[in-house]
Amino acid sequence: MKRARLQAATLGGSPDEVEQAFYEALRHGDLEQLMACWAEEDEVVCIHPGGQRLIGAGAIRAGFEALFANGSVQVSPERVRKINALASAVHHLVERITVLTPQGEQMVWVTATNVYQQTPQGWRMVAHHASPASTQESTELQLKPTVLH
């Protein structure tokens, strides 16, 4: 399944498939799969929560190498909203990240925007911008169920 997602991201797929491959790569600490999701453009950009703006594939790769030096990122995208156009797609979502602290596992909430563009190689990510959720948002997210039955 991992190879199928990487292949979908590598060969084009859809914005949804590229996003799925991106988050799978984060959960597995797979730098090559993660970078296969990005466009080969000089102006691609990534901003980690509280971090500086990383411009270009080299800077983005270095940023994720540093992140993966501490292990994979246990992240789940939730509450995804999408805006689709002919050659671009914008997904805004909430990332639920599980972090291990001295007190045990804790949930951290991050709001993120992912921008995808149709390129000659297929759909690719051109921007990922993530910010810590506000205290109010974090409280609301913890209180609201993610699945309704």
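Refer to the structure printed above.
What comes next concerns the included structure. (Residues numbered from 1 in each chain as written. Predicted model: local features only at pLDDT ≥ 70, side-chain atom pairs only at ≥ 80, totals over all residues. Heavy atoms only, no water.)

**What about the nonpolar core?**
Where we set the bar: Here, nonpolar core refers to any group of buried Ala, Val, Leu, Ile, Met, Phe, Trp, Tyr and Cys residues whose side-chain atoms link them within 4.5 Å. In this scheme, a residue with accessible area under 20% of its type's maximum is buried, one over 50% is exposed, and one in between is partly exposed, where area comes from a 1.4 Å probe on protein chains only. Helix and strand assignments follow DSSP, with helices taken as H or I runs no shorter than four residues and strands as E runs no shorter than two, numbered in order from the N terminus. We call two residues in contact when some of their heavy atoms are within 4.5 Å.
Of all hydrophobic cores here, the largest spans 30 residues; its most connected members are Phe22, Leu26, Leu34, Trp38, Ile60 and Phe64. Taken together, the elements giving at least two residues each to this core come down to helix H2 (15-28), helix H3 (31-36), helix H4 (57-68), strand E4 (88-101), strand E5 (104-119) and strand E6 (122-132). Take this core: its biggest share by element is six residues, from H2. When residues no more than four places from it in sequence are discounted, the contact partners of Phe64 are Phe22, Leu26, Leu31, Leu34, Trp38, Cys46 and His48.

**Notes on the pairing of E6**
Convention followed: If DSSP finds at least two bridges between two strands, the strands pair.
With eight of its 11 residues buried, E6 lies for the most part within the structure. Strand direction decides the pairing type here: strand E1 (residues 45-47) and E6, joined by three bridges, are parallel. Across the sheet, the residue bridging to Ile47 is His129, located in E6. Two elements, E5 and E6, share 10 bridges in a ladder whose sense is antiparallel. Its bridge partner lying in E6, Val115 is registered against Ala127. Here E5 hands over to E6 after two residues, the two strands then running antiparallel side by side.

**A closer look at the pattern of salt bridges**
Should their charged atoms come close, side chains of opposite charge can pair. Heads up, the rule is: In the sections that follow, a salt bridge refers to a side-chain nitrogen of Lys or Arg positioned within 4 Å of a carboxyl oxygen of Asp or Glu.
By the definition in use, this model includes four salt bridges. Each of Glu78, Arg79 and Arg96 takes part in one network of salt bridges that share partners.

**Topic: the packing of aromatic side chains**
To keep things clear, this is the line we draw: In this analysis, rings of Phe, Tyr and Trp, with Trp reduced to its six-membered ring, are considered paired at centre separations within 6.5 Å, and the interplanar angle assigns stacked below 30 degrees, edge-to-face beyond 60, and tilted for intermediate values.
Counted according to the given criterion, the structure contains three aromatic pairs. Aromatic pair Phe22 and Phe64: ring centres 6.2 Å apart, planes at 90°, arrangement edge-to-face. Pair noted here: Phe22 is in helix H2 and Phe64 is in helix H4, with a separation of 42 residues, a long-range link. Each of the two residues, Phe22 as well as Phe64, counts as buried. The interplanar angle of 45° and the centroid separation of 6.2 Å between the aromatic rings of Phe64 and Phe68 together place this pair among those described as tilted. Taken as a pair, Phe64 and Phe68 lie in helix H4 at a separation of four residues, close to a single helical turn.

**Describing H4**
This is how it is decided: Between the first and last residue of a helix there are one fewer steps than residues, each counted as 1.5 Å, and that sum is the expected span. The directions considered for the arc run from the helix axis to the C-beta atoms.
A rise of 1.5 Å per residue sets the reference length of H4, with its 12 residues, at 16 Å; its end C-alpha atoms lie 16 Å apart and thus fit the reference within 8%. When we look at burial in H4, the residues that qualify are Ile60, Gly63, Phe64 and Phe68. Buried residues in H4, looked at end-on, bunch into an arc of 130°, giving them a common side. Among the structural elements, H2, H3, E1 and strand E2 (53-55) are those in contact with the buried residues of H4.

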